[in-house]
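Fold and contact review
If you want the building blocks of each chain, they are given just below.
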Amino acid sequence: MEDLVLHGPMLASTVEALEKAFTVNRLWEAGDKDAFYAANAGTRFAATGHGFTAEMMDKLPALEVISSFGVGTDSIDLKAAKERNIRVTNTPDVLNDAVAELAVGLMLTLCRRIVPAHQYIKDGKWLDGAYPLTGELTGAKVGIIGLGRIGKEIANRCQAFKMQVVYHGRREQKFQPYPYYADLEAMARDVDWIIAVVPGDPSTAGLVSESVMKALGPNGAIVNVGRGSLIDEPAMIRLLKSGELGGAALDVFAEEPKMSEELWNMDNVVLSPHQGSATHKTRWAMGDLVVRNLLAAKAGDPLISPVV
Ligand code: A2R
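First, a word on scope: everything that follows refers to the structure included in this document. Not measured: the values here are computed from a predicted model.

Remarks on the nonpolar core
Counting residues in hydrophobic clusters, the biggest one holds 48 residues, and the most contacted among them are Met107, Ile154 and Trp193. With 8 residues, helix α5 (residues 96-111) is the largest single contributor of residues to this core. Excluding its chain neighbours within four sequence positions, the residues that come into contact with Met107 are Leu137, Val142, Cys158, Met163, Trp193, Ile195 and Val223. If you look at the next biggest cluster of nonpolar residues, it comprises 31 residues, including Ala186, Ala235, Ala248 and Phe253.

Structural data, given as structure tokens:
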């Protein structure tokens, strides 16, 4: 059977499917890494949910395809792959609904103060009086940064909540029904919520800057389901503390799983441990796409979802 390098652990269903077509060689389990790479010098295929460096590519000189689990490819050295004629695939679309529902869930949780209200009951405080009034999503304006595959699903769900949807990206999408802002700061000034869902790459690093968050202001809040690198995190923490930014609901962090512990105890913050696509159904579908890309590569058929 054809060999395959598996970088790190994957879902049991994915590994099971891989093992039907490949001899799966587990990199993370190898005690002697040099011996592992030497034994896989002729291996053409790899699967990963943990990125892929240029150094790894150099150690696998026959590599033709890396099939990556996830839509974001920021942990894979795409430039190095291109230079070495290695194709890379990802798992777009199958996770749109799961990420979109978490984005809206985080926004709702922050807006209606669901976490502190839950704690209020557990602390026995309801017996002494009603919980304070909260904000409401109905009629509020939300600006989506990145009206892509996931962004459009978020927009659909925000409309179901009777919100006004606008968006920012590098270019206007003429056939979308939502108003476009070329200037992110101008959008931030006009909206109550920002939801960020762009890829993590040099062009998006720090896109949600201190000035954007100041423009969003004390009555505004940011939701991030893209990558931690999109937000200037130290500035965000400062602004949340001073009240110059109203709130934040975050599924991703610059140095995750680490983050400033200051975020843990803020009442105007909701935290989630990178759960966007983390449902049984979606993770199964992502794994299935990882496998289907590799089967296509092995058969010499066109790749299903190539990135490069
Ligand atoms: O800029 P455009 O018109 O190409 O729109 C893309 C937008 N985008 C940006 N917006 C502003 N400044 C940038 N430098 C920039 N770079 C990209 O992000 C597009 O609307 C959106 C990305 O959409 P998709 O490529 O369809 O990605 P998808 O599947 O929605 O996933 C987005 C990200 C992943 O890369 C992961 O980091 C995370 O969400 O799960």
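Some thoughts on the packing of α5 against helix α7 (residues 149-160)
Running from amino to carboxyl end, α5 crosses α7 at an angle of 50 degrees, the nearest separation of the two axes being 8 Å. The angle between the axes of α5 and α7 places the two elements in the oblique class. Here the hand of the crossing between α5 and α7 comes out right-handed. When α5 is examined against α7, the residues Asn96, Asp97, Val99, Ala100, Glu101, Ala103, Val104 and Met107 are found in contact with a partner set consisting of Arg149, Ile150, Glu153, Ile154, Arg157 and Cys158. Split by residue class, the contact of α5 with α7 holds 8 nonpolar, 1 polar and 5 charged.

Side note on the layout of surface pockets
Computed from the structure, the second largest pocket encloses a volume of approximately 250 Å³. What lines the second largest pocket is a set of 18 residues, among which Leu110, Cys111, Arg113, Gly135 and Trp193 lie closest to the centre. Tallied by class, the residues present in the lining of the second largest pocket amount to 9 nonpolar, 6 polar and 3 charged.

What to know about α7
Between the first and last C-alpha of α7 there are 18 Å, a value that for 12 residues agrees with the 16 Å anticipated at 1.5 Å per step. Within α7, the full set of buried residues consists of Ile150, Gly151, Ile154, Ala155 and Cys158. Seen end-on, α7 carries its buried residues on one side only, within an arc spanning 140 degrees. Positive backbone phi, at 60 degrees, marks Lys162, one or two positions downstream of α7.

Examining helix α1 (residues 12-21)
When we look at burial in α1, the residues that qualify are Thr14, Val15, Leu18 and Ala21. The buried residues of α1 occupy an angular sector of 120 degrees when projected down its axis, which confines them to one face. Within α1, the exposed residues directed more than 90 degrees away from the buried face are Ala12, Glu16 and Lys20. Residues of α1 that are buried sit in contact with β1 (2-6), β2 (22-26), β3 (45-48) and α11 (280-299).

Concerning the packing of aromatic side chains
Per the counting criterion, the structure on display carries 4 aromatic pairs. Ring plane angle 80 degrees and centroid distance 5.0 Å describe the contact between Tyr120 and Tyr131, whose orientation is recorded as edge-to-face. Within this pair, whereas Tyr120 is found in helix α6 (residues 114-122), its partner Tyr131 is found in the loop between α6 and β6 (141-145), the two being separated by 11 residues in sequence. The exposure class of Tyr120 is buried, given its relative accessible area of 14%. Pairing Tyr167 with Tyr180 gives two aromatic rings, centres 5.2 Å apart and planes at 50 degrees, and the pair type is tilted. Taken as a pair, Tyr167 in strand β7 (residues 164-168) and Tyr180 in strand β8 (residues 180-181) lie far apart in primary sequence, 13 residues in all. The exposure class of Tyr167 is buried, given its relative accessible area of 1%. The lysine or arginine in question, Lys298, covers the ring of Phe22, its NZ or CZ lying 5.2 Å from the ring centre.

Considering the site of the ligand
Lining the immediate surroundings of the ligand are 20 residues, of which Arg149, Ile150, Arg170, Arg171 and Ser203 lie closest. Interatomic distance of 2.9 Å between a backbone N/O atom of Ile150 and an oxygen atom of the ligand. Interatomic distance of 3.4 Å between a side-chain N/O atom of Arg227 and an oxygen atom of the ligand. In the shell around the ligand, the residues fall into 8 nonpolar, 8 polar and 4 charged.

Quick notes on the rules
- Residues numbered from 1 in each chain as written.
- Predicted model: local features only at pLDDT ≥ 70, side-chain atom pairs only at ≥ 80, totals over all residues.
- Heavy atoms only, no water.
- Core = buried A, V, L, I, M, F, W, Y, C linked by side-chain atoms within 4.5 Å.
- Buried < 20%, exposed > 50% of the residue type's maximum accessible area, 1.4 Å probe, protein only.
- Helix = DSSP H or I, 4+ residues; strand = E, 2+ residues; numbered from the N terminus.
- Contact = heavy atoms within 4.5 Å.
- Axes fitted to C-alpha atoms, helices over the stretch in contact; angles between N-to-C directions.
- Parallel < 35°, antiparallel > 145°, perpendicular 65-115°, else oblique.
- Left-handed = near helix turned anticlockwise from the far one by under 90°.
- Nonpolar A, V, L, I, M, F, W, Y, C, P; charged D, E, K, R; others polar.
- 1 Å grid on protein atoms, 1.4 Å probe; cavity = no way out; pocket = protein on both sides within 12 Å on 5 of 7 lines; lining within 4 Å.
- Points joined across faces, edges and corners; volume = space filled by probe spheres on them.
- Expected span 1.5 Å × (residues − 1).
- Arc of directions from axis to C-beta.
- Phe/Tyr/Trp six-rings, centres within 6.5 Å; stacked < 30°, edge-to-face > 60°.
- Lys NZ or Arg CZ within 6 Å of the ring centre and 35° of its normal.
- Near = heavy atom within 4 Å.
- Polar contact = N/O pair within 3.5 Å; in protein donor to acceptor, adjacent residues only side chain to side chain.

Geometric descriptors of this kind do not, in isolation, establish any biological role.
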